[in-house]
Amino acid sequence: MFEISFTHDQVKWRFLNEKVLIITLALFIISGILQAFFAFDFLLKKRETTMFLSLGITRKRMFLNRSLAGVIYLLISAFLPMCISLFLNKMAVGLYEKEVVTCLYLSGGFFLVELLAFFITSVGIFISGTYLEAFVYGMGLMSLPTALTFSLGSFLNGLCLGNAYGRKNYFGEYVTGKSFIKMFFKASPLTFFYDELCKHYTFVRPNKSPIPPGINIKILTVWIFVLVLIVFLAFIIFEKRKAEHAGIMGKTGILPDIYLNMAAVIIFAVSLKIFGDFGLVFVFVSATITALLAHLFLKKIMFGCDLKIKNTCISFGIGMSFVTAIFILFLNLPGIIYGNLSSKEIESARVSYIGSPDYIYGKALGSSINKTNYILNEISFENKEEIKKLLLIQKKFIESGNLSFKTDKKHFENTVVPVDLVFSYKDKKGKISTFYYDRANMSELEEMLNLDDTKTVREKQSQVILGDDLGSESVTWAQNAYQKGEVYLCDKFFENSYSLNLNDKTRKMLLKAINADISKESSKERYFSKADAVGVLMFTLNPDVDTKSFSYSLNNTFIYLTKDYENTIKLLKDNDLYNLIDRNFEIESITLQEFNPYDSAVNSLSNPFSLYFMSYVTDSNDDFMIKKDFGNENVITDKEKIEKMRPKLKNAYYLSRGGSLACVKLKGNDRYVYMFLPEK
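Residue numbers restart at each chain and count upward from 1, following the sequence in its written direction. Only residues with pLDDT of 70 or above have their local features reported here, since the model is predicted, and side-chain atom pairs are shown and tallied only from 80 upward, although totals for entire chains, interfaces and linings are computed over all residues. Side-chain figures throughout are based on the complete set of non-hydrogen atoms in the structure, without hydrogens or water.

## Concerning the nonpolar core
Quick reminder of the rule: For our purposes a nonpolar core is just a set of buried Ala, Val, Leu, Ile, Met, Phe, Trp, Tyr and Cys residues, chained together by side-chain atoms within 4.5 Å. Each residue's exposure class comes from its accessible area (1.4 Å probe, protein chains only) as a fraction of the maximum for that residue type: buried when under 20%, exposed when over 50%, partly exposed otherwise. Per the convention used, a helix needs a DSSP run of H or I reaching at least four residues, while a strand needs a run of E reaching at least two, with both numbered from the N terminus. Two residues form a contact once any of their heavy atoms are found within 4.5 Å.
Among the nonpolar cores identified, the biggest contains 105 residues, and Leu421, Phe423, Leu445, Leu537, Phe539, Ile590 and Val664 are the most heavily contacted of them. In terms of residue count, the dominant contributor to this core is strand β18 (residues 672-677) (six residues). In this view, phenylalanine 539 contacts Ala481, Tyr482, Glu486, Val487, Arg507, Leu510, Leu511, Ile514, Asn555, Asn556, Thr557 and Ile559; residues no more than four positions away in its chain are not counted. Residues Ala36, Met62, Leu115 and Phe235 belong to the second largest nonpolar core, which totals 53 residues.

What follows is the structure in structure tokens.
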């Protein structure tokens, strides 16, 4: 409290340092565990068990006495540090509204965490014969809810293709809900109080609401009820405890088999989490071997069971059958869920847009780093035929199954790259079904480009260009650039650029011509144009920066002109502007680098970025969007070869069919233009 970065007018209390919240909670849990061993570890020693149980005192009285001693110690350990912290806060800034109540609430929460750890560990001791068994059973019982939710989340994310629950996109936002562990934080004795601790450990008075948040008595009440049940269970087990079990392992019936099977499930879940990108076959084989070794080790060392071949095969076989059933269920779940979707019942749908950022609209997040950009943009559909088309596109994702990141040089359309794709459907009853994919192959992405041909997308993109009202929730990056940005006309190599001084009338005429050309352009012509580029129009809100590199950013938008842009070119010719870009420049050299997302161990593709290549200018001949670690550069200086390549160089092209990134140097110019050559 005496070393805070805020003024004391803002901070009204800080009972704990934010860096030790998890450590503090863990220490209270450890305190409860240790106190349980101090109170009842005599049951794990033959001599002490015989001595204590032969005393003239009932087991009920013994249980109450030892439990009460432990509870008193835990009560002091929970409330004393918090009371000291409260006193220090009072010395620093005085008392504030609800400060004492909050201090008591946190102390009570810590005390309840300790009690749960104490009595759950006690149950582990009562059913065990040795310290090792007691520790394994106690920790197993406490961590079971967390382990199960982690395993469930791992199986859903690793096996259930398209699962959106608990998944984060590239920008760190949850697609649907939180992670499974966080979703079930309140269902675990280890973590149920963590969110409350984060909420109340300090109070920084905001300007609008000077009243501290209220405390959650409900969660304490629920766990007090659970604690009562655990205490009652512990007492029953204590009363029925056999003295001859002290110091002997393997007297717990089928519990070892249950724990071993759960261990197998957790091993597979961890393997999926860590090695999922290596493929399911690798995960299954490696996890099976690990589970077998763990099974033998735990059964012999931890539980002291005989490793008879028949019994071991049966117990391990049961666990593997359970895990295999989980694999089969989760692998088939996407097809089952998708099969229940019907375009007739779907009222609306939304999907991530992966096309050109020059016409984006709707909900979006964006970033542009170096010479790459990444736009997380969603578009919506209500037309039945368009929804049906969307379902057919997603069907290809289902049919492709679980994919691993790779480059397929022979069949580049099978190359798999990281993406952020959301398919979401809302039916007539209001039920929403959401799917999320963090990877896709090039052929699937190319299919999604066909959405540009739908009536809905064309109308919206036309509104972006013409400046029509898109609604309050729409992104206006591109629209603002079209309507308010400065306009530059450039040749395809950006050798010369001209600022066009447009009044409102001529701007509208230009945008109208562009829109007329864009409206006739198919998705194949847009993303895989065979026509030679003749020039570039850039609309920018930040000309001082954008005219240096002519690379895409959230402040600009580009129109890459070809001969097919008849209306726009006619307008330029009518205003004596076309001759400014209708020039032939001599190319001195072309440096080629084959586009391979994983050609570099250091710079390989690990996060999504837009595969819609857009040309840019730099002062370096080594500024490729993906850099190779080593290897000779393929530099073309032969004039005949250069002239053959010239008409094939693209300012804009979708990278799904492979090709080469091209660094073009014009004669007499020190700058380098980066373009794309859609051939090897």
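## A word on the sheet that holds strand β9 (residues 497-500)
Convention followed: Should DSSP find at least two bridges between two strands, the strands are regarded as paired. To obtain an axis, a line is fitted to C-alpha atoms, over the contacting stretch when the element is a helix, and the angle between two such axes runs from 0 to 180 degrees between their N-to-C directions.
Taken in spatial order, the four strands of this open sheet run β9-β8-β10-β11, and their pairing is antiparallel. Every interior strand has two partners, whereas the edge strands, β9 and β11 (556-562), have only one. Averaged over all neighbouring strand pairs, the angle between strand axes comes to 20 degrees, with direction disregarded. Two strands pair when backbone bridges link them, and strand β10 (residues 533-540) and β11 are joined in this way by seven bridges, in the antiparallel orientation. Pairing of threonine 540 across the sheet is with asparagine 556, part of β11.

## Considerations on the pairing of strand β8 (residues 486-490)
Among the five residues of β8, four are classified as buried, and the element is accordingly described as predominantly covered. Pairing analysis gives five bridges linking β8 to β10, with the strands arranged antiparallel. Bridging from a neighbouring strand, cysteine 490 pairs with valine 536 of β10. Pairing of β8 with β9, which is carried by four bridges, proceeds in the antiparallel orientation. Bridge pairing in β9 places leucine 489 opposite tyrosine 498. The turn linking β8 back onto β9 is made up of six residues, and phenylalanine 494 within it adopts a positive phi angle of 60 degrees.

## Observations regarding the environment of phenylalanine 126
Within the secondary structure, phenylalanine 126 is located in helix α4 (residues 99-126). Sequence spacing of phenylalanine 126 and isoleucine 236 is 110 residues, and the spatial spacing of their C-alpha atoms is 9.8 Å. Each residue touching phenylalanine 126, except ones within four places of it in the same chain, is listed here: Phe40, Leu43, Phe63, Ala234, Ile237, Phe238 and Arg241.

## Re the sheet that holds strand β15 (residues 634-636)
Spatially, β14-β18-β17-β12-β15 is the arrangement adopted by the five strands of the open sheet, whose pairing is antiparallel. Looking along the sheet, the strands with just one partner apiece sit at the ends: β14 (616-618) and β15. The sheet shows a mean angle of 30 degrees between the axes of neighbouring strands, direction not considered. Looking at chain direction, strand β17 (residues 660-666) and β18 are connected through six bridges and run antiparallel. Within β18, the residue paired with serine 660 across the bridge is leucine 677.

## Some thoughts on the packing of helix α11 (residues 309-339) against helix α12 (residues 384-400)
Threshold: Orientation labels follow simple angle bins: below 35 degrees gives roughly parallel, above 145 gives roughly antiparallel, 65 to 115 gives roughly perpendicular, and whatever is left gives oblique. Less than a right angle of anticlockwise turn of the near helix away from the far helix marks a crossing as left-handed, whereas a clockwise turn marks it as right-handed. When residue character is reported, Ala, Val, Leu, Ile, Met, Phe, Trp, Tyr, Cys and Pro are called nonpolar, Asp, Glu, Lys and Arg charged, and the others, Gly included, polar.
Two elements in contact, α11 and α12, have axes whose closest approach is 11 Å; the angle formed by their N-to-C orientations is 165 degrees. By the angle between their axes, α11 is roughly antiparallel relative to α12. The interaxial crossing formed by α11 with α12 has left-handed handedness. In this structure, α11 contributes Pro334, Gly335 and Tyr338 to the contact, and α12 contributes Leu391, Leu392, Gln394, Lys395 and Ile398. Here the residues of the contact of α11 with α12 sort into five nonpolar, two polar and one charged.

## What to know about the pairing of strand β6 (residues 416-427)
With respect to burial, β6 is a largely interior element, eleven of its twelve residues being buried. With five bridges joining them, strand β3 (residues 346-353) and β6 adopt antiparallel strand pairing. Within β6, the residue paired with arginine 350 across the bridge is serine 424. As paired strands, β6 and strand β7 (residues 432-441) are joined by nine bridges and run antiparallel to one another. Note on β7: the bridge partner recorded for valine 417 is alanine 440. Between β6 and β7, which pair antiparallel one after the other, the connecting turn spans four residues, and glycine 430 there sits at a positive phi close to 95 degrees.

## Here's the deal with the side chain of glutamate 378
Put simply, the rule is: Within 3.5 Å is the distance limit for a polar contact, defined as a pair of N or O atoms, with the added protein rule that one can donate a hydrogen and the other accept it, and that residues adjacent in sequence qualify only through two side-chain atoms.
Note on placement: glutamate 378 falls in strand β5 (residues 372-381). A distance of 2.6 Å separates the side chain of glutamate 378 from the side chain of arginine 350, its partner in a polar contact.

## Quick notes on the packing of aromatic side chains
Counted only if it meets this: Between 30 and 60 degrees the pair is tilted, below 30 it is stacked and above 60 it is edge-to-face, where a pair is any two Phe, Tyr or Trp rings, Trp via its six-membered ring, whose centres lie within 6.5 Å. Distance and angle both matter: a charge sits over a ring if NZ of Lys or CZ of Arg is within 6 Å of the ring centre and within 35 degrees of the ring normal.
As enumerated under the stated definition, the model contains 45 aromatic pairs in all. Between tryptophan 13 and phenylalanine 15, the ring centres sit 5.8 Å apart and the planes meet at 25 degrees, which makes this aromatic pair stacked. Each member of the pair, tryptophan 13 as well as phenylalanine 15, is classed as buried. On the numbers, 5.6 Å between centres and 85 degrees between planes, the contact of phenylalanine 528 with tyrosine 653 is edge-to-face. One end of the pair, phenylalanine 528, is in the loop between α17 (523-527) and β10; the other, tyrosine 653, is in strand β16 (residues 652-654), with 125 residues separating them in the sequence. Residue phenylalanine 528 is classed as buried on the basis of its relative accessible area of 8%. Taken together through their ring pairs, the aromatic side chains of Tyr527, Phe528, Tyr612, Phe613, Tyr616, Phe624, Tyr653, Tyr654, Tyr674 and Phe676 make up a single cluster. Sitting over the ring of phenylalanine 405, arginine 439 keeps its end group 4.1 Å from the ring centre. When the ring centre of phenylalanine 528 is taken as origin, the NZ or CZ atom of arginine 657, which lies over that ring, is 3.8 Å away.

## Details of the pattern of salt bridges
For the record, the criterion: In the sections that follow, a salt bridge refers to a side-chain nitrogen of Lys or Arg positioned within 4 Å of a carboxyl oxygen of Asp or Glu.
Across all of its chains, the model carries 19 salt bridges by this definition. For aspartate 532, the salt bridge goes to lysine 492, with nearest N and O atoms at 2.8 Å. In this pair, aspartate 532 is assigned in the loop between α17 and β10 and lysine 492 in the loop between β8 and β9, connecting sequence segments 40 residues apart. Residue lysine 492 is classed as buried on the basis of its relative accessible area, which comes to 8%. In this structure, the salt-bridge partner of arginine 526 is glutamate 521, at a minimum N-O distance of 3.1 Å.

## Section: a nonpolar patch on the surface
Under the convention used in this document: Each patch is built from residues that are more than 30% exposed by relative accessible area and take part in no salt bridge. Like charges join if they lie within 9 Å; nonpolar side chains (Val, Leu, Ile, Met, Phe, Trp, Tyr) join within 5 Å. Using the Shrake-Rupley algorithm and a 1.4 Å probe, accessible areas are obtained, with residue cover drawn only from the displayed protein chains.
A cluster of nonpolar side chains, namely Leu68, Ile72, Ile76, Leu80, Ile84, Phe87, Leu88 and Met91, defines an oily patch on the protein surface of about 790 Å² accessible area. Its location among the elements puts phenylalanine 87 in helix α3 (residues 59-93).

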